[in-house]
Each structure stands twice: as structure tokens, then as C-alpha cells.
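Here is how the chains run, residue by residue.
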Protein chains: 2
Amino acid sequence: MNADDFARHGHQLVDWIAEYLGHSERYPVLPRVAPGDVRKALPAAAPEQGESFDEIFRDFERVLLPALTHWNHPGFFAYFASTGSAPAVLAEFLAAALNQQAMLWRTSPAATELEEVALGWLRDLAGLPSAFEGVIYDTASMSTLHALAAAREAAVPGVRQYGLAGRRGTGAVRVYCSEQAHTSVDKAVILLGLGHESLRRIAVDEEFRMRDSVLREAIEDDLANGIKPVAVVATIGTTSTTSVDPIARIADICTAHDVWLHVDAAYAGVTALLPERRPAFAGWERADSIVMNPHKWLFVPVDLSAFYCRRMDVVRAAFALVPDFLATPEESRGVRNLMDTGIQLGRRFRALKLWMVLRHFGAAGIRQTLAEHMRLAQLFASWVAAHPDFEVVAPVPFSVVCFRAAPSTVPVGELDALNERLLEAVNTTGEVFLSHTRLRGVFVLRLAIGHMRTGESHVARAWALVTAALGQPT
Amino acid sequence: MNADDFARHGHQLVDWIAEYLGHSERYPVLPRVAPGDVRKALPAAAPEQGESFDEIFRDFERVLLPALTHWNHPGFFAYFASTGSAPAVLAEFLAAALNQQAMLWRTSPAATELEEVALGWLRDLAGLPSAFEGVIYDTASMSTLHALAAAREAAVPGVRQYGLAGRRGTGAVRVYCSEQAHTSVDKAVILLGLGHESLRRIAVDEEFRMRDSVLREAIEDDLANGIKPVAVVATIGTTSTTSVDPIARIADICTAHDVWLHVDAAYAGVTALLPERRPAFAGWERADSIVMNPHKWLFVPVDLSAFYCRRMDVVRAAFALVPDFLATPEESRGVRNLMDTGIQLGRRFRALKLWMVLRHFGAAGIRQTLAEHMRLAQLFASWVAAHPDFEVVAPVPFSVVCFRAAPSTVPVGELDALNERLLEAVNTTGEVFLSHTRLRGVFVLRLAIGHMRTGESHVARAWALVTAALGQPT
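These figures come from a predicted structure and were not determined experimentally.

**Q** What is the right way to look at the overall build of chain A in this model?
**A** Helices and strands together make up the secondary structure of chain A, namely 15 helices and twelve strands. Against the 2.2 N^0.38 benchmark of 23 Å for 474 residues, chain A shows a C-alpha radius of gyration of 24 Å, consistent with a compact globule. Projected onto its principal axes, the C-alpha positions of chain A cover 65 × 65 × 45 Å. Per-residue burial for chain A yields a buried fraction of 67% across its 474 residues. Put simply, of all contacts in chain A between residues at least 6 apart along the chain, 72% involve residues at least 24 apart. Accessible area for chain A stands at about 14,600 Å²; split by element, carbon and sulfur atoms hold 50% of it.

Below is the structure:
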């Protein structure tokens, strides 16, 4: 494809994307395809001779487009939403063309230093002290993995060299998080070789927040039994209900026992940009590490997870390893080589989209959108609360509402099935996509607001669909 | 940014990128910036009010563009090259706009199934049996990490639940690779908690290939000492010299001792598309897992690493973990949920660019480019070999030439310094970027051909610059 062809196809694609982003409601948010439909519609083998981009794009429209889940749809209320905002999409286009691989400062001074700049901006906007050094990973799973790897490095002398089972056997260790913490903590603990049983899930209170008194007892209990506490993962904005663990009190416990504190603020961290929201974050500045995900609620497409650490030297101690073929003269000049702070050697130019988003929307614009999403969540919750056949099941600290239908005419034992039917009914309309969770054993609907283009009309429509579905014969 | 503004900026960007990709030689391949230049040229804080895309792009051109290392430059001969080919750049643009997050089949049927299709095509083109199931990770580091995590899962009963140091302590374990294997193996072993000392690097022969007899002895020695062999990582195309370990004989050893065989073909794997190159791969079809990186030599921009595994059930046993909030009805219908095969929950739509590249260039087009790069490497090596003051330091099985200046007039003890000066001299021209390695203790220059736009003229220019630099007064 020469430059002229690239330009021609590129211009067509720009028009297609502009149209798509402007009218994503025209597609059902959840596609109407069955497992295997895409696979069966495509040839079993790659072509021997090359094909034109036009042909390929026709197959994209014919086969793939009807099988997309439209994360761009303003009725996407499932999980946590993600916005590929216009400036960030352009940034990704540019980043793909530049094809930077920022393993070393030398292999991309721009990507290496822009990562530092953009993460510094975000840190300062969130009110975190400059003692937090930042690095970008792809996902929160990886940020939390690196946090716990660093915690292991700090807590288990010689683990890098001798491992956990070697001649300097370390004995049992423990990581703590709440019952509501994300499964990325489980996966990290397993991958690190600590064993799933080393994760102790701490009970939560009636508002789904970690009970710090139970945490304290658990740590003391473990210490008394010769089990070494390695880390506590506290969450600001848990996945099911967005509950907020009592960070300051947990930080006190971690300080007292010299345990690494990692704060998972992957979803809600960006709300620290709003000064009136800072009380929920009190104490997070005392964490050893923090994750927040711009690809969740800061209008950059996946993937971009921001990891902040007060002890990046420990991360480097856990991960840095420079073979001959990657040694560069700049090391003596104090450059940061991003490969030293992670398991991944290859690193694409993710900082570009974050930098462009922060500049294009500005701090004020970002605050306004986040505040609006949180207002809409309160509004939706108020409708639920006012309806005799529905109930709000958890507090709404951010932009997620957990609720369910609970008509007095339906036996309690049948409520789960009723709500499952409701979820299925609203999702099959193609107008909205809600997800669910289980809280205290019951099936709960979950409306998560976070797409930049979601407005009051979309939230109102979701509510209309939910209430209408309840009225439907089953 | 509304649809019209997006279209306007998008069209400008298409023209800019077309111009850039068509004329990447106009930029110095290594930028002429000092550490800190980018950071100092940008404001210390994010703007309060949003800025126009034009303003942001002006800063991109003013500050970032001069600080890029041009991986697109046809004179990029360092490390392993990477091409962001035109169709793949368009695919990434589209993927960013679609913003799929393919953790579950439900969250992107298209991305989930296209990954299976595109990886199936690549597997078949490479001549691997269909018993290999594929999954895309971001980097080879992650592919190898998952391979070794699966190997640990298979070798250490209960490791997922009890860990390596828990109440079912596992004793010492071992992973093997050659002295020339990539440091991603070290990093994986460390992260997995096996300890760096559990990695035993096996001596290589005069052509930098693992000595299988030494491997066999090492495994027998370890077994005799109660150390459990977990995995062997064999490499097809090592990083320094692209040497090829004797895969078939290593596979025999692994079979005999029931040890997981992981083949690192991150760079050279794609050459299996050329039937005449298949002899180098003999035996890799018996591996438990294989990694090859389309973002190295298959014309997709970073990141995309293809991981193939005969025992994906073991990968799933190591990683699958489904919380309530991610349970979907499709699981009962046998869908693959990509989150079950990895540590990362979030997964962007990487398959799109691979699919578009395979279709746009076709198998024949890809073979032609790979063959041409290998022809150019032989040509360059022939020039080196014919020059009285230079020597080829290692065989050239693929597209990398390791060489150095060794004029008879220069004392052996000064050759390293001479070659370091040569490297610095050619790289400061901005016309080419070569890297280096150390082989048998000596400093060696390394010319790696792999960019789609690199032709004979660029290789000839590199040679002219190298020989001219030797003639320069120092």
C-alpha cells in the first residue's frame, strides 16, 4: 500500500469512524450473534495472494461489525464503561503509525519522557504527592501484579534470587483484601507463587467496605502463627458496588506492621480530580502503590493503566535486568528505561493518548463530565428508590447503581429469577447493556455510568426499559 | 470534539501520516535529543481549560517529533525491527475507535472469534498442527511468562492453591534455557517465585546453539539431586545471533523426562511460512508451547505476540477464575472467554491488525518480503566477509548479521573500543541505527534487517557508513 493508497483508505476510514462515533446508538449495544457466527463466516485459511483494503473492509462490515459489542454506545451501562474519545482515537492512530517501542529511553525518548509528564499531570490533578513515581501498564491486572511483586520483593528477603521454595524457604505469607476486592488480586497472588490460600479476604460492613478491625485481627492472628503479611490491597471503588474501604485506618494498620499498602482505584481514582470528592480518598497518599485506569473513566480507549508507586526502587529491584544487547550509553546519564519497571520488555506509546486527552478536555472539562455522571447515578438511584417495586441495594458513592426489582407480590425465593429475566429482557432490546453482580447472595442489577456520551436521556431510557420489563408477562 | 471536528482533524492526520510513512528517511533514525529535553519543553501541569487539537498537534510536532526514534526508518537495523505497515496502522485506528474490550465473548464476539481465526491462519501457514490453540498477548515476555506459569502448574501439584512456600512446600525446581536465551525467561522465572537461581543456562556450541548433551546432563544431575525440572525454553532465533537450538533433540529430552518445552520463536517464527526454511523448525511441532511475535517481523505495529499451546487446558487451570460479576449465559454454550487464558482481564482488539495484514499482503507477499530480508542479510554478510578489516562473528540463519571490525593493525585488546566507536559514529549520522551485543566476551556490531521498507540501497548505505567510519581518524 503506497502513500496515495494509504491516504485514500485513511480518508474513507476517517469518514466511517466519524459517522460511527456520532451514531453508535444505531447499533444494538449487545450484538445479535451466536457463538461461532464470526468464525463460520470467515475463510478457513489466509489468502495466498494479497487482497485490497476495500475487500477487507467489506468483510469487516459484513462479518465483524454485526458482532461487535458497542462499548461506544451511550447505553453501555455494564461492568465499567470505557470511552474511546475522539482525541484519544486520533492519538492511537498516530501512535500506531509512529510505532514506538519504548523499552529503552534510546528507543523512544519521546514516549519515555511523555509517560513521565502525562502521569505527573494526572498525579498532581488527583492531589497525590510527587513522591509517587508513575509508570503505565496495559491493565489494572498488571498494575496490581507489579504492586504485589514489589511487595513480595520488600517482604521476602532474597526472593528474587532464591524464590519461594528454594534453599532459603520463606514459610507462609499472606495478602489481604476485602471480600469485594477484584479478582485481579487473586490472579496476581496465584501467579506470584504465593498460592491462592495466601489471600485472606476480609469481611465487609453493611456498606461493603472492608472492616478494618477484622483486618487488624487477621494480621495479628497471622503474625502470631508465624505467617508473614506481605501486602494489603484496599479498594476505592470496588467492582460490584464501588464501595470505598477505610483507607486511612487501613494505612494505620499497614504502617504499624510494615506491610505494603496497594490501593486499587482503577475505576474511581479519577474522581480525585474533583476536590469535593477527596474525602473518599483520605489516606491514599500514604499508600505504597496505587492503580487508576484512564481507560476506564478518563476517556482513553483500552489499554492504559496508570501505576503510581512511592517505592519504585523496589519495583526496579524486583524487575530490572539488563542484558548486554540492551545496554546503552544513556544509562550513565540517569535516564529511566521503562523496561526496568516491569515484566514486559516491549512497550507501546500509550502516553500519547493520555496526554492528548488531558490537554483536549482540560482538567475543568474532565471534572465536569465526571460530576455529571455521578449526578446521573444519583438521579437513577432516586427513581429506583421512589418506585414501590424496586430497591437500591448498595450506596452510590460514584456512578454505579446496584438495584433490583423486589415487588411485594413476588416471593423472596423467586426474586433472583425475576431479576435475571429483567436483565435479559432489557439487554435484548439492544438499547442498553446492564450487567449484574451478587451481593449477600442475591442477584443484583448494576447500572454503571461512564461513557462520555451518556446523558440523562440514556439513563432515563434505561429506567423506562427496566420498569417496562417488570410489567411484561414472563 | 464533534463528528465534523473529528473528521477534519482525522483527515489532516491521515495526510500527515501518509507523508510521514512515505518519507521516514528524512528524520534521523536516532533523535538528536538529550535526556530531559522533552520533559523540560512541556508544561509542568495539565491545562485547566481544554485546548484545540491543532494546538496539541503543534506541540507534538515541536516537542515530540524531534524526540522519536524512527522505528519506521528503513535504516533501522537495531534490536529486531518492527514495521507498522499501512493496513495495520489503519486497523489500529479502527480498533481504537471500536474500543473493544474482549475479556468475555459477550463483551466482543468479533474480537474473541477473530483472534481464533487469525491465529489459526498464522498457525497453519507456519505448518503447525491444529492441536496448537492460540491466544494473543501483548509481548513475548508475557507469552513466555504464561508458558512458564503453565509449566509450573503442570509440574507442581497444588501450586495454584498452596503456592511454592506454603504448607505443601515444593522443594527446588529448575527451568533450563541456553546462555543465549532472552532475559524474558529470567524475568518470568523471577516473577513466578521460582527464584533466579532456579534458571540454569546451558552452554552453547560454537554456533551459539544450546548443547543438548549438556542439557541432558543438567536435567539428570538435577533429578539425582532431588530438583524438579519444570520447563526447557529452546529458542529459534536467539536475540544476539539468531542461532537455532536443536529443537528435535531437545524435544526428545523433554519427552523422556516429561518436562514442558516452550519454544521462543518470537523473532524467527514467521520464517516458518517459507517451506524451504522449515528444516530449522524441525521438532517445534512437539513443543508444549510456542511464541512468535507478529509485531517483530510480520508487519504489525507493537503490540501483538502470538502464543500457541498444545495444553491450553493447563493455562486455563493456572489462570481461570470467574467472579459473579463476570459470569455470562454464554459459558454454558462453550464460548472461549479470553480472560480465562491469562493474567490480564482487559484485552484490546489486537487480532484486527493481524487479520488485515494477513489478508492485505497474502501469504505469498509475506514470504517474498521475508525472503528478501534474508537475502539482504546474506549479501551484507558477504561484504563483511570479503573485507580484510572486518569479520562475520556468527552464522546468519535469518536476517541478522553479527560482525565487527578487526583490522590486523589494531591490537586485539583495543578491538572492543574500536567497534564501540564505529557504532557511535554510524549511529550519529542519523542514517542508520545499529545495535550491538557481546559474544564470547567481545563487543560485536549487529545489523538486523526486518523493516518492510528496507531495501538493498539501505543495507548498502549501512555498509558504506561502517567502512567509512573505520577510515575516520579517531
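**Q** Mind showing me how you'd approach the pattern of salt bridges here?
**A** Residue and element names in this part refer to chain A. By the definition in use, this model includes 74 salt bridges over all chains. In this structure, the salt-bridge partner of Arg 286 is Asp 252, at a minimum N-O distance of 2.7 Å. Taken together, the residues Arg 286 in the loop between strand S6 (260-264) and strand S7 (289-292) and Asp 252 in helix H10 (residues 247-257) connect sequence positions 34 residues apart. Residue class for Arg 286 comes out partly exposed when judged on its relative accessible area of 36%. Asp 252 sits in the partly exposed class, given a relative accessible area of 40%. As a salt-bridge pair, Glu 456 and Arg 375 come within 2.8 Å of each other at their nearest N and O atoms.

**Q** Whenever I open this one, the side chain of Thr238(B) confuses me. Can you help?
**A** All names here are of chain B. Following the sequence through the fold, Thr 238 ends up in the loop between strand S5 (228-235) and helix H10 (247-257). A residue is classified by how much of its surface remains accessible, and Thr 238, at 1% relative accessible area, is buried. Side chain to side chain, Thr 238 and Thr 241 meet in a polar contact 3.4 Å long. With residues up to four places along the chain from it excluded, the contact list for Thr 238 reads Phe 80, Gln 180 and Ser 243.

**Q** Looking at this structure, how should I read the packing of helix H1 (residues 3-22) of chain A against helix H4 (residues 86-98) of chain B?
**A** When two helices pack together, their arrangement is captured by the angle between the axes and the distance separating the axes. Contact geometry of H1(A) with H4(B) gives a least axis separation of 11 Å together with a crossing angle of 5°. On the basis of their axis angle, the class for H1(A) and H4(B) is roughly parallel. On the side of H1(A), the interface is formed by Phe6(A), His9(A), Gly10(A), Leu13(A), Val14(A), Trp16(A), Ile17(A), Tyr20(A) and Leu21(A), while H4(B) contributes Ala86(B), Val89(B), Leu90(B), Phe93(B), Leu94(B), Ala97(B) and Leu98(B). Of the residues in the contact of H1(A) with H4(B), the class split is 14 nonpolar, two polar and no charged.

**Q** Sorry, what's going on with unusual backbone geometry here?
**A** As a rule of thumb, non-glycine residues mostly have phi less than zero, and peptide bonds are mostly trans rather than cis. A cis amide bond links Val302(A) to the next residue, Asp303(A), at an omega of 5°. Within the secondary structure, Asp303(A) is located in the loop between helix H11 (294-297) and strand S8 (305-309). With a phi angle near 55°, Asp258(B) is a residue other than glycine that sits in the positive phi range. Residue placement: Asp258(B) occurs in the loop between H10 and strand S6 (260-264).

**Q** What should I look at first to understand the relation of the copies chain A and chain B in this one?
**A** The pair of chain copies shares a relation made of a rotation about an axis and a shift along it. Placing chain A over chain B gives an RMSD of 0.0 Å and needs a rotation angle of 180°, together with 0.0 Å of translation along the axis. Taken together, the turn and the small shift mark the pair as related by a two-fold rotation axis.

**Q** Could you clarify how one ought to interpret the environment of Ala110(B) in this entry?
**A** Here Ala110(B) is to be found in helix H5 (residues 109-125). Owing to a relative accessible area of 0%, Ala110(B) belongs among the buried residues under this scheme. Distance in space between the C-alpha atoms of Ala110(B) and Gln100(B) is 8.9 Å, their sequence separation being ten residues. With sequence-adjacent residues up to four places away left out, Ala110(B) is seen in contact with Val38(A), Leu64(A), Ala67(A), Leu68(A) and Phe349(B).

**Q** I tried to follow the interface of chain A and chain B on my own but got confused; where do I start?
**A** Frequently, the measure chosen for interface size is the accessible area removed from exposure when the parts meet. Contact with chain A, which involves 152 residues of that partner, is made by 152 residues of chain B. Between chain A and chain B lies a buried interface of about 13,400 Å² when both sides are counted; carbon and sulfur atoms form 66% of it. The interface formed by chain A and chain B includes twelve salt bridges. In this structure, the connection of chain A to chain B is made through 69 residue pairs in polar contact (both at pLDDT 80 or more). Its residues assigned to classes, the side of chain A that touches chain B comprises 85 nonpolar, 40 polar and 27 charged.

**Q** It is not clear to me how the nonpolar core should be interpreted in this structure. Could you clarify?
**A** Here is a general trend for soluble globular proteins: nonpolar side chains tend to be buried in one another's company. Core analysis: the largest hydrophobic core is formed by 292 residues, its most contacted members being Trp284(A) and Trp284(B). In contact with Trp284(B), other than residues within four places in its own chain, are Ala126(B), Leu128(B), Phe132(B), Ile236(B), Ile247(B), Val263(B), Ala265(B), Gly269(B), Ala272(B), Ile290(B) and Met292(B).

**Q** Any chance you could explain helix H8 (residues 183-191) of chain A here in plain terms?
**A** Since the α-helix packs 3.6 residues into each turn, any two residues three or four apart lie on the same face. Residue and element names in this part refer to chain A. A large share of H8 lies buried, amounting to nine of its nine residues. Burial in H8 covers these residues: Thr 183, Ser 184, Val 185, Asp 186, Lys 187, Ala 188, Val 189, Ile 190 and Leu 191. Of the residues trailing H8, Gly 193 is marked for its positive phi of about 80°.

**Q** Looking at this structure, how should I read the pairing of strand S7 (residues 289-292) of chain B?
**A** For a regular strand, the rule is simple: side chains alternate between the two faces of the sheet. Residue and element names in this part refer to chain B. Burial along S7 is two-sided: the residues Ser 289 and Val 291 and Ile 290 and Met 292 are all buried. Bridging between S6 and S7 involves three bridges; their strand directions are parallel. Note on S7: the bridge partner recorded for His 262 is Ser 289. With four bridges joining them, S7 and strand S8 (residues 305-309) adopt antiparallel strand pairing.

**Q** Just to check I follow, could you spell out the confidence of the model for chain A for this structure?
**A** In low-pLDDT regions, the fine details of the predicted coordinates are not to be read closely. Residues of chain A with pLDDT of at least 70 account for 99%, and the chain-wide mean is 96. Two numbers describe this predicted complex: its pTM, 0.97, and its ipTM, 0.97.

**Q** Help me understand the packing of aromatic side chains, please; the structure alone is not making it clear to me.
**A** The description of an aromatic ring pair rests on the distance of the ring centres and on the angle between the ring planes. Per the counting criterion, the structure on display carries 43 aromatic pairs over all chains. Aromatic pair Trp16(B) and Tyr20(B): ring centres 5.4 Å apart, planes at 10°, arrangement stacked. With Trp16(B) and Tyr20(B) both in helix H1 (residues 3-22), this residue pair falls four residues apart, about one helical turn. The pair Trp16(B) / Tyr20(B) is uniform in exposure class, with both members buried. One aromatic cluster is present, built from ring pairs that chain together Trp16(A), Tyr20(A), Tyr27(A), Phe53(A), Phe57(A) and Phe60(A). For Arg446(A), the ring lying beneath its charged end belongs to Phe80(A), and the centroid distance is 5.0 Å.

**Q** I'm lost on helix H9 (residues 212-224) of chain A in this one. Help?
**A** Residue and element names in this part refer to chain A. Here H9 contains 13 residues, and its C-alpha end-to-end distance of 18 Å stays within 8% of the 18 Å for a straight helix at 1.5 Å per residue. Buried residues of H9: Asp 212, Leu 215, Ala 218, Ile 219 and Asp 222, and no others. Projected down its long axis, H9 shows its buried positions confined to an angular sector of 115°, all on one face. With respect to the buried face of H9, the exposed residues turned more than 90 degrees away are Glu 217 and Ala 224. Where H9 is buried, its residues touch strand S3 (173-178), strand S4 (199-202), strand S5 (228-235) and H10. Two residues or fewer past H9, Gly 226 is found with a positive phi of approximately 75°.

**Q** Would you explain the sheet that holds S5(A) in this entry?
**A** Each strand in a sheet pairs with another by means of backbone hydrogen bonds, the pair being arranged parallel or else antiparallel. All names here are of chain A. Spatially, S2-S8-S7-S6-S5-S3-S4 is the arrangement adopted by the seven strands of the open sheet, whose pairing is mixed. With one partner strand each, in any of the chains shown, strand S2 (133-137) and S4 form the two edges of the open sheet. Between one strand axis and the next, the sheet turns by 20° as a mean value, whatever way the strands run. In the packing of helix H6 (residues 140-155) onto the sheet, contacts are made with S2, S3, S5, S6, S7 and S8, and the angle to S5 comes to roughly 150°.

How each quantity is defined
- Residues numbered from 1 in each chain as written.
- Chains lettered and ligands numbered in written order.
- Predicted model: local features only at pLDDT ≥ 70, side-chain atom pairs only at ≥ 80, totals over all residues.
- Heavy atoms only, no water.
- Helix = DSSP H or I, 4+ residues; strand = E, 2+ residues; numbered from the N terminus.
- Rg over C-alpha atoms; globule rule 2.2 N^0.38 Å.
- Buried < 20%, exposed > 50% of the residue type's maximum accessible area, 1.4 Å probe, protein only.
- Contact = heavy atoms within 4.5 Å.
- Areas by Shrake-Rupley, 256 points an atom, 1.4 Å probe, with all protein chains shown as cover.
- Salt bridge = Lys/Arg side-chain N within 4 Å of Asp/Glu carboxyl O.
- Polar contact = N/O pair within 3.5 Å; in protein donor to acceptor, adjacent residues only side chain to side chain.
- Axes fitted to C-alpha atoms, helices over the stretch in contact; angles between N-to-C directions.
- Parallel < 35°, antiparallel > 145°, perpendicular 65-115°, else oblique.
- Nonpolar A, V, L, I, M, F, W, Y, C, P; charged D, E, K, R; others polar.
- Least-squares fit on C-alpha atoms with pLDDT ≥ 70 in both.
- Buried area = accessible area lost by both parts, 1.4 Å probe.
- Core = buried A, V, L, I, M, F, W, Y, C linked by side-chain atoms within 4.5 Å.
- Pairing = 2+ DSSP bridges.
- pLDDT = per-residue confidence, 0-100.
- Phe/Tyr/Trp six-rings, centres within 6.5 Å; stacked < 30°, edge-to-face > 60°.
- Lys NZ or Arg CZ within 6 Å of the ring centre and 35° of its normal.
- Expected span 1.5 Å × (residues − 1).
- Arc of directions from axis to C-beta.

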